[in-house]
Amino acid sequence: MKISITKSEQSRLSQIDFDNIPFGRTFSDHMFVADFKDGQWGDYRIIPFGYMQMHPAMMGLHYGQLIFEGMKATKMQDGTPVFFRPEMHSARLNRSAARMKMAEFPEDVFLEAIHTLVSMEQGWIPPAEGSALYIRPFMFATDEFIGVKPSKTYRFVIFTGPVGPYYPKPVSLLSEQKYTRAAPGGFGEAKAAGNYGGSLLPTELAIAQGYDQILWLDALEYKYVQEAGTMNLMFVIGDTVVTPSTTGTILKGITRDTILKICDYKGIKFEERMITIDEIVEAHMDGQLKECFGTGTAAVVSHVAKIKHGDIIMELPPIEDRKIGPALKDEMNGIRSGRIEDRKGWVVPVKSNQLATV
Ligand SMILES: Cc1ncc(COP(=O)(O)O)c(C=O)c1O
């Protein structure tokens, strides 16, 4: 496959203050674009980052065929830019595509595209530890047609932008007893835009009550714990990490998978299973709920300080007293930076592309 490259006339890099990067508003110089038509992907190109023309009847704007991924490139201690389990993001994008009846994108092109693009944008990876170049692959339907059916054409784009070190404050969660995020048989497992749009109103209401995020419960009985915001949830009950099993209604987080694999090789007990919110309340009352944390690409591990369920407010043990969440976070960050051995081959150095460096 060939990716054509058109470089931007002037880099905007010198205008960036890496000590003050507004989150999600700074974008690097180039983007990768591909188009699907006549049953195949092609026209692979890296072009200057900028506006895209669109037709008002473009189907992706109307019927929700819009999926995305979120991943990061970081620098190791020795300065090598790396990805973390990039093939998992490609695989998840394609699972989302299949569920939304969109065209799957070839994994080899996905990987070649991120390597080439990030190798061109290496200077955009912020130097400070904990900061990263955020990578946003996404795909949308481009048929110019009004009517509910799968589009025959799609566009796939990857752009990137630097993000500063993320020092997450411990978060508070409110269990939601009216709205739900995803029902069995729905598309909660897809990283589809609609899942996020639907979460905004209930999240605003939770924030108005003084909570950071919603703890979603299952859509049938409001009984089983699902996930929170853009994080999967893990509880430490006694000495065991317990996390909801992925039964189609929650996103299969790549951080979640990584953390469970770390638990496995470190001999930390863990269970993937259905967890009721009542079990969490009971464990808290018995003094057995030692920790709760969310996992996700943004923060790796976000500690949960407080959970409200109905009239019950659970204040969890102070972060300083926690052992498992902080250790898992340190292990994952250590592997990424090269401080800790990468036993599983998760860290993938960005291939330096000759074309990209001319
Ligand atoms: C709804 C939801 N759950 C969980 C996650 C965590 O997934 P990952 O660890 O792959 O970032 C995300 C973020 O992508 C998300 O959007």
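Structure first, text after, so check above.
Conventions and cut-offs
Residues numbered from 1 in each chain as written. Predicted model: local features only at pLDDT ≥ 70, side-chain atom pairs only at ≥ 80, totals over all residues. Heavy atoms only, no water. Near = heavy atom within 4 Å. Polar contact = N/O pair within 3.5 Å; in protein donor to acceptor, adjacent residues only side chain to side chain. Areas by Shrake-Rupley, 256 points an atom, 1.4 Å probe, with all protein chains shown as cover. Helix = DSSP H or I, 4+ residues; strand = E, 2+ residues; numbered from the N terminus. Buried < 20%, exposed > 50% of the residue type's maximum accessible area, 1.4 Å probe, protein only. Arc of directions from axis to C-beta. Phe/Tyr/Trp six-rings, centres within 6.5 Å; stacked < 30°, edge-to-face > 60°.

### Focus: the site of the ligand
Near the ligand you find 16 residues, and of these Arg 92, Tyr 196, Glu 227, Thr 255 and Thr 297 are the closest. Take Tyr 196: an N or O atom from its side chain is 2.5 Å from an oxygen atom of the ligand. Thr 297 places a polar side-chain atom, nitrogen or oxygen, 2.6 Å from an oxygen atom of the ligand. Bound to the protein, the ligand loses 96% of the 390 Å² it would expose on its own. At the level of elements, β12 (231–237), α4 (254–266) and β15 (289–296) are the ones that each hand at least two residues to the shell around the ligand.

### A short note on helix α5 (residues 277–285)
Inspection of α5 places Ile 277, Ile 280, Val 281 and Ala 283 among the buried residues, and these make up the whole buried set. Seen along its axis, α5 keeps its buried residues to an arc of 165°; they face one direction. Away from its buried face by more than 90 degrees, α5 exposes Glu 282 and Met 285. Looking one or two residues beyond α5, the residue adopting positive phi is Gly 287, at roughly 75°.

### Here we look at the packing of aromatic side chains
Taken as a whole, this structure holds 17 aromatic pairs when the rule is applied. When the ring of Phe 32 is compared with that of Phe 105, the centres are 6.4 Å apart and the planes differ by 80°; the resulting orientation is edge-to-face. You can see Phe 32 sitting in strand β2 (residues 30–37) and its partner Phe 105 sitting in the loop between α1 (86–99) and α2 (107–120), a full 73 residues away along the chain. For Phe 32, a relative accessible area of 0% gives the class buried. On the numbers, 6.1 Å between centres and 35° between planes, the contact of Phe 110 with Phe 156 is tilted. Separated by 46 residues along the polypeptide, Phe 110 in helix α2 and Phe 156 in strand β8 (residues 154–163) bring together distant segments of the chain. As far as the burial class goes, Phe 110 and Phe 156 line up, both buried. Through pairs of rings, three or more aromatic residues link up here, namely Phe 32, Phe 36, Trp 41, Tyr 44, Phe 105, Phe 110, Tyr 154 and Phe 156.

### Focus on unusual backbone geometry
One non-glycine residue, Asp 43, adopts positive backbone phi at about 55°. Structurally, Asp 43 is set in strand β3 (residues 40–48). Judged by relative accessible area, Asp 43 falls into the exposed class, the value being 52%. Located in the positive-phi region is Arg 85, a residue other than glycine, with phi close to 50°. Relative to the helices and strands, Arg 85 resides in the loop between β6 (81–84) and α1.

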